[in-house]
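Here is what each chain is made of, one letter per residue.
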Amino acid sequence: MYSIEEKRSLISEMIAFAKADKKIKEEEYQFIRIVAEQLQLSKEDVDALFDKQVDYVPVKPESQRILQFHRLVLLMNVDQEANQQELRKIKELGLKMGLRAEAIDTVLREMFNYENKVIPPGELINIFKRHYN
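Quick caveat: nothing in here was measured; it's all calculated off a predicted structure.

Colleague: How would you explain the overall build of the chain if you had to name every residue and give the values?
Modeller: Looking only at helices and strands, the chain features seven helices and zero strands. Counting from the amino terminus, helix and strand elements in the chain follow one another as α-α-α-α-α-α-α. Relative to the 2.2 N^0.38 estimate, which gives 14 Å for 133 residues, the radius of gyration of the chain is 14 Å and therefore close to what a compact globule would have. In terms of overall dimensions, the chain has C-alpha extents of about 40 × 30 × 20 Å along its principal axes. Buried positions account for 44% of the 133 residues belonging to the chain. Partitioning the intrachain contacts of the chain with sequence separation of at least 6 by distance along the chain shows that 70% fall at a separation of at least 24. As presented, the chain carries roughly 7300 Å² of accessible surface, and 51% of it is formed by carbon and sulfur atoms. Of the charged side chains in the chain, 21 are positive and 23 negative, and the gap between their average positions amounts to 4 Å.

Colleague: Break down helix α2 (residues 26-38) for me, with residues and values.
Modeller: Compared with the 18 Å implied by 1.5 Å per residue over 13 residues, the 18 Å span of α2 between its first and last C-alpha is a close match. Buried residues of α2: E28, Y29, F31, I32, R33, V35 and A36, and no others. Structurally, α2 contributes buried residues whose contacts are with α1 (4-18), α3 (43-51), α4 (62-77) and α5 (84-96). Phi turns positive one or two residues past the end of α2, at Q40, with a value near 65 degrees.

Colleague: Hey, could you go over the environment of V46 for me, with residue numbers and the actual values?
Modeller: Along the chain, the position of V46 falls in helix α3. When the C-alpha atoms of V46 and I15 are compared, they prove to be 8.9 Å apart, with 31 residues separating the residues in sequence. If near-sequence neighbours (up to four positions away) are discounted, V46 is found in contact with I11, I15, I32, R33 and A36.

Colleague: Explain empty space enclosed by the protein to me, using residue names and the numbers behind them.
Modeller: Scanning all chains against the criterion turns up one cavity of 30 Å³ or more. In this structure, the largest cavity occupies an estimated 30 Å³ of space. Along the walls of the largest cavity sit L10, E13, Y56, V59, R65, Q68 and M97, which together make up its complete lining. Among the secondary structure elements, those contributing two or more residues to the lining of the largest cavity are α1 and α4. Looking at the lining of the largest cavity, its residues break down into four nonpolar, one polar and two charged.

Colleague: Can you break down the packing of α4 against helix α6 (residues 101-110) residue by residue, with the values?
Modeller: Angle between the axes and distance between the axes are the two parameters that describe a pair of packed helices. Between α4 and α6, whose axes approach to 12 Å, the crossing angle comes to 30 degrees. Viewed along their axes, α4 and α6 adopt a mutual orientation that is roughly parallel. The two elements α4 and α6 cross, and the hand of that crossing is right-handed. On α6, the residues touching F69, V73 and M76 of α4 are I104, V107 and L108. In terms of residue class, the contact of α4 with α6 is made up of six nonpolar, no polar and no charged.

Reading guide: rules and limits
- Every chain's residues receive numbers from 1 upward, in the order its sequence appears when written.
- Reporting in this predicted model follows two pLDDT cut-offs: at least 70 for local features of residues, and 80 or more for side-chain atom pairs to be given and counted; totals over whole chains, interfaces and linings ignore these cut-offs and use all residues.
- Side-chain metrics rest on all non-hydrogen atoms present in the structure, leaving aside hydrogens and water.
- Working definition: helices are DSSP H or I runs of at least four residues, strands are E runs of at least two. Numbering for both runs from the N terminus.
- We take the radius of gyration over the C-alpha atoms and set the globule estimate at 2.2 Å times the residue count to the 0.38 power.
- Type-normalised accessible area, obtained with a 1.4 Å probe on protein chains alone, sets the label of each residue: buried when under 20%, exposed when over 50%, and partly exposed for intermediate values.
- What makes two residues a contact is simply this: any of their non-hydrogen atoms within 4.5 Å.
- The accessible surface values rely on the Shrake-Rupley method and a 1.4 Å probe; as for residues, cover is taken only from the protein chains in view.
- In this tally, Asp and Glu contribute negative charge and Lys and Arg positive charge; neither His nor the terminal groups of the chain are included.
- Where a charge sits is defined by one atom per residue type, namely NZ (Lys), CZ (Arg), CG (Asp) or CD (Glu).
- In this analysis, the expected span of each helix is defined as 1.5 Å times one less than the number of residues it contains.
- A cavity here means a set of 1 Å grid points, computed over protein atoms only, where a 1.4 Å probe fits but cannot escape. A pocket is an open set with protein on both sides within 12 Å along at least 5 of 7 lines, and lining residues have an atom within 4 Å of a point.
- Grid points are joined across faces, edges and corners, and a volume is the space filled by probe spheres set on the points.
- The classification used treats Ala, Val, Leu, Ile, Met, Phe, Trp, Tyr, Cys and Pro as nonpolar, Asp, Glu, Lys and Arg as charged, and all other residues, Gly among them, as polar.
- Interaxial angle, 0 to 180 degrees, is taken between N-to-C directions of lines fitted to C-alpha atoms, where a helix line uses only the stretch in contact.
- Orientation is classified from the angle alone, with under 35 degrees giving roughly parallel, over 145 giving roughly antiparallel, 65 to 115 giving roughly perpendicular, and any other angle giving oblique.
- Two helices cross in a left-handed way if the nearer one is turned anticlockwise from the farther one by less than a right angle. They cross in a right-handed way if the turn is clockwise.

Note that all results are geometric; they support no functional claim without further evidence.
This is the structure we're talking about:
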């Protein structure tokens, strides 16, 4: 599904986002490790990406870009502290992925309506569908 370069890029992007507030919390590290494990990247691969970020490799299918955006939203909320700096950064990353600004803004606004700020995947998809029709 993903090439090794895409997998490393996805995790590297998550690491860079987690570092946006200058510190990586244990919950963030564990979440990144879980995603990396799902992508079949080893702990060693992940730890190496903390030391050396790789170039951004865009994922082609839009559905995979939406999935990555959802991962970033989950990562942002894993510590229950979504600050303005993180909100700006996640919007920037979503735009860089080629997602529509209106859909990104809706997700970032609607997440506060859910327990632990976790938008269910189906609702996330519906938000993007609404903004692409």
